[in-house]
Amino acid sequence: MLTNTKQALTAFKRTQRLMGNTFEITVVAEDENWAQEKIDLAVAEISRIEKLLTTFDENSQTNQINRQAGIGAVKVDKEVFDLIQRAIRISGITDGAFDITYGSIDKRLWNFDRSMTSLPDETTAKAMVKLINYRNVILDAENCSVMLKEKGMRIGFGGIGKGYAAEMAKALLKREDVKSGIVNASGDLATWGLQPDGTPWTIGIAHPDNAHLPFSYMNITDMAVATSGNYEKYITIDGKKYSHTINPKTGLPVTGIKSVTIISPNAEIADAMATPVTIMGIRAGLNMIDQIRYLGCIIIDDHNNIYTSKNINLQ
């Protein structure tokens, strides 16, 4: 007599601190040991990317580029070169609202340690962001090298690195024959396949006034979602909330938008596009998103009004 030994599919999860963020990796599988082995591989991949991109390790390629700013070019791995090249392309599309040289901002301008009692004046703010300019990143594809033109310039992957890591971990898990799962990098997440019961993944869009209380849900598969919101980090001056998102052109905080959620087939793109839409504002941001295929956007303004790109229908 034949017996069916096939086990039921289960979603196995692990939460781990990586890249200064909380990552939650979900793998759908029949066998827990097999699932945990695959999650180990994903964690190792994210850790590998962190070593390349971090600014907290003096020997990272990112820090070498920053140290040589205004001095000379630094040869980097093709992976790092390609990511910088894609980041600069996004800077161009967003007219500098996304800028990989954002790390050049003078640290005295914004510390967000709640000790700030007033905004800097416009002239001071503008002077402190003068080194932010993606056009001053010189790429040499032949030598796979990167140079920052001005002394004091700094690049950083804060606006794209999490999404890139989530996308790379997802690609690795798919190669390892994981048919379904989620890589969630502190709210920037990449999904593929279906839940154990055969239905799409249900993603909650966080409410900006209460991150634990989603205002809407979406059913997705093979899609990525990233949210940028002022509820994550802000200061209050004279009763007004100021977002930690700084406009790289003015040096002043963005106002008017509480959160932006981007839906894309690629987590790196979703991550990179969330902040510039916040900076560009509702009209210009939605106009840009509507012109890019496969991108969707949900914006919540300061008065909790909801705006969406043409291809989004909220339930």
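Use the structure listed above.
Residue positions are counted from 1 within each chain, in the order its sequence is given. Two thresholds apply to this predicted model, a pLDDT of at least 70 for residue-level local features and 80 or more for giving and counting side-chain atom pairs, whereas whole-chain, interface and lining totals are computed over all residues. Excluding hydrogens and water, the side-chain figures rest on all heavy atoms present in the structure.

Colleague: Got a minute to help me understand the packing of helix 1 (residues 32–53) against helix 3 (residues 78–93) in this structure?
Modeller: Helix packing geometry: the angle between the two helix axes and the distance between the axes. Throughout, an axis means a line fitted to C-alpha atoms (over the contacting stretch in the case of helices), and angles, computed between N-to-C directions, take values from 0 to 180 degrees. Every helix listed is a DSSP run of H or I at least four residues long, and every strand listed is a run of E at least two residues long, numbered separately from the N terminus. Packing of helix 1 against helix 3 leaves a shortest axis separation of 11 Å and a crossing angle of 75 degrees. If you check the angle between helix 1 and helix 3, you find them roughly perpendicular. For the pair formed by helix 1 and helix 3, the contact residues are Arg48, Ile49, Leu52 and Leu53 on the first element and Glu79, Val80 and Leu83 on the second. Broken down by class, the residue content of the contact of helix 1 with helix 3 amounts to five nonpolar, no polar and two charged. If an angle is under 35 degrees, it is roughly parallel; if it is over 145, roughly antiparallel; if it lies from 65 to 115, roughly perpendicular; otherwise it is oblique. Working rule for contacts: check all heavy atoms of both residues, and any pair within 4.5 Å makes them a contact. When residues are sorted by character, Ala, Val, Leu, Ile, Met, Phe, Trp, Tyr, Cys and Pro go into the nonpolar class, Asp, Glu, Lys and Arg into the charged class, and all the rest, Gly among them, into the polar class.

Colleague: Just to check I follow, could you spell out the sheet that holds strand 13 (residues 257–264) for this structure?
Modeller: Two strands are counted as paired when DSSP detects at least two bridges linking them. As summarised here, the arrangement of the eight strands in space is 1-2-6-7-10-13-14-15, forming an open sheet in which the pairing is antiparallel. At either margin of the open sheet sits one strand with a lone partner, and together these are strand 1 (10–18) and strand 15 (306–308). Within the sheet, the average angular offset between the axes of one strand and its neighbour, ignoring direction, is 10 degrees. When strand 13 meets strand 14 (residues 296–301), the two strands line up antiparallel, connected through six bridges. Residue Ile262 lies in a different strand from strand 14, and its bridge partner there is Cys297. Helix 1 rests against strand 1 and strand 2 (21–29) of the sheet, and its axis sits at about 30 degrees to strand 1. Packing of helix 5 (residues 161–175) onto the sheet brings it into contact with strand 2, strand 6 (181–185) and strand 7 (188–192), and relative to strand 7 it is tilted by some 20 degrees.

Colleague: What is the right way to read helix 5 from this model?
Modeller: Because an α-helix completes one turn every 3.6 residues, residues spaced three or four positions apart along the sequence face the same direction. Look at helix 5: 21 Å from first C-alpha to last across 15 residues, which is about the 21 Å you get at 1.5 Å a residue. Only protein chains enter the calculation, and the probe is 1.4 Å; a residue is then buried if its accessible area is under 20% of its type maximum, exposed if over 50%, and partly exposed in between. Counting buried residues along helix 5, 11 of its 15 residues qualify, which places the element largely inside the surrounding structure. Looking at helix 5, one finds that the buried residues are Gly161, Lys162, Gly163, Tyr164, Ala165, Ala166, Glu167, Ala169, Lys170, Leu172 and Leu173. Here the buried face of helix 5 lies against strand 2, helix 1, helix 3, strand 6, strand 7 and helix 6 (267–280). Asp177 occupies a position one or two residues after helix 5 and carries a positive phi of about 75 degrees. Here a helix's expected span is defined as the number of its residues, less one, multiplied by 1.5 Å.

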